[in-house]
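Structure at a glance
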Amino acid sequence: MDRQKTVLIVEDEKNIVDILRFNLQREGYQTLEAYDGEDGLNKARSEKPDLILLDVMLPRMNGFEVCRALRQAGDNVPVIILTAREEETDKVLGLEIGADDYITKPFSMRELIARVGANIRRTAMTAPAATAAASTMQVSGNLSINTDSHQVFRDGKAIDLTQREYELLTFLASHPNKVYSRVDLMEQVWNYGYVGDDVRTVDVTVRRLREKIEVNPASPVYILTRRGAGYYFAV
Ligand code: CA
């Protein structure tokens, strides 16, 4: 049974909320709204939405603070940051504090809906094996992935990853030693049929992933860079 997915909109501009609500509901999503960061964080915690659209400039708590608070509490709900145009630092900062994606204002509704769909938790899609035995993938040395629970372990200790980080790791680890360009990864992991400057998203996500899974992120042993070509999972 496909439960109706819920999107939490955290945005202080009423007209933007109205447009988002209208279009998301038309696409079959349930929507929740918060007009300041504090209320957004409370609703994220109490309502457990499937995805959050998070504005940056908000009263009470800004979008970065909301995202950071969620991640620090171990909440890996997909988060798409809504940034103002040309605020390049916002995009990178958003990804570094654990957002899954960002979209720049003014955005086309078609693009936004596509990104919501691409980022929302796709539990059915990422469960390749039904048996308990097959659900744990010993990917390399002391690193393992449980594809049922979506947990990653290093030396038996669970590592907290966002959904996107998990998907990137699982994808690369499923194709060991194969080099993927950033454009490839955008298409395969982010499910975007188009790319622009957004390939930087891949770099930031790889960096965050390394900080979490590598013993020494500065000299990684799992996810390696093939200069000029892309990234690969080394075994
Ligand atoms: Ca705002």
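A few points on the structure. (Residues numbered from 1 in each chain as written. Predicted model: local features only at pLDDT ≥ 70, side-chain atom pairs only at ≥ 80, totals over all residues. Heavy atoms only, no water.)

This paragraph deals with the sheet that holds strand β1 (residues 6–10). By way of backbone hydrogen bonds, the strands of a sheet pair with one another, either parallel or antiparallel. With parallel pairing, 5 strands are arranged side by side in an open sheet as β2-β1-β3-β4-β5. Edge positions in the sheet fall to β2 (30–34) and β5 (101–105), since each of these pairs with one other strand and no more. Across the sheet, the mean angle separating the axes of adjacent strands is 20° when strand polarity is ignored. Bridging between β1 and β2 involves 5 bridges; their strand directions are parallel. Bridging across to β2, T6 finds its partner in Q30. Packed on one face of the sheet, helix α3 (residues 63–72) meets β3 (51–55) and β4 (79–84) and runs near 145° to β3. (Pairing = 2+ DSSP bridges. Helix = DSSP H or I, 4+ residues; strand = E, 2+ residues; numbered from the N terminus. Axes fitted to C-alpha atoms, helices over the stretch in contact; angles between N-to-C directions. Contact = heavy atoms within 4.5 Å.)

Let us now look at unusual backbone geometry. Omega for the peptide link from K105 to P106 comes to 0°, which places this bond in the cis form. Tracing the sequence through the fold places P106 in the loop between β5 and α5 (109–119). Of note, R60 is a non-glycine position whose phi angle comes to about 70°, a positive value. Here R60 is to be found in the loop between β3 and α3. Its identity is not glycine, yet D155 carries a phi of approximately 55°, on the positive side. Structurally, the position occupied by D155 is in the loop between β8 (151–154) and β9 (157–159). When its relative accessible area of 55% is taken as the criterion, D155 is described as exposed. (Buried < 20%, exposed > 50% of the residue type's maximum accessible area, 1.4 Å probe, protein only.)

Where helix α2 (residues 37–47) contacts α3, the two axes come as close as 9 Å, and the packing angle between them is 25°. As judged from the angle between their axes, α2 and α3 are roughly parallel. For the crossing formed where α2 meets α3, the hand is right-handed. Counting all contacts with α2, which are made through G37, L41, A44 and R45, the residues of α3 involved are V66, A69 and L70. In terms of residue class, the contact of α2 with α3 is built from 5 nonpolar, 1 polar and 1 charged. (Parallel < 35°, antiparallel > 145°, perpendicular 65-115°, else oblique. Left-handed = near helix turned anticlockwise from the far one by under 90°. Nonpolar A, V, L, I, M, F, W, Y, C, P; charged D, E, K, R; others polar.)

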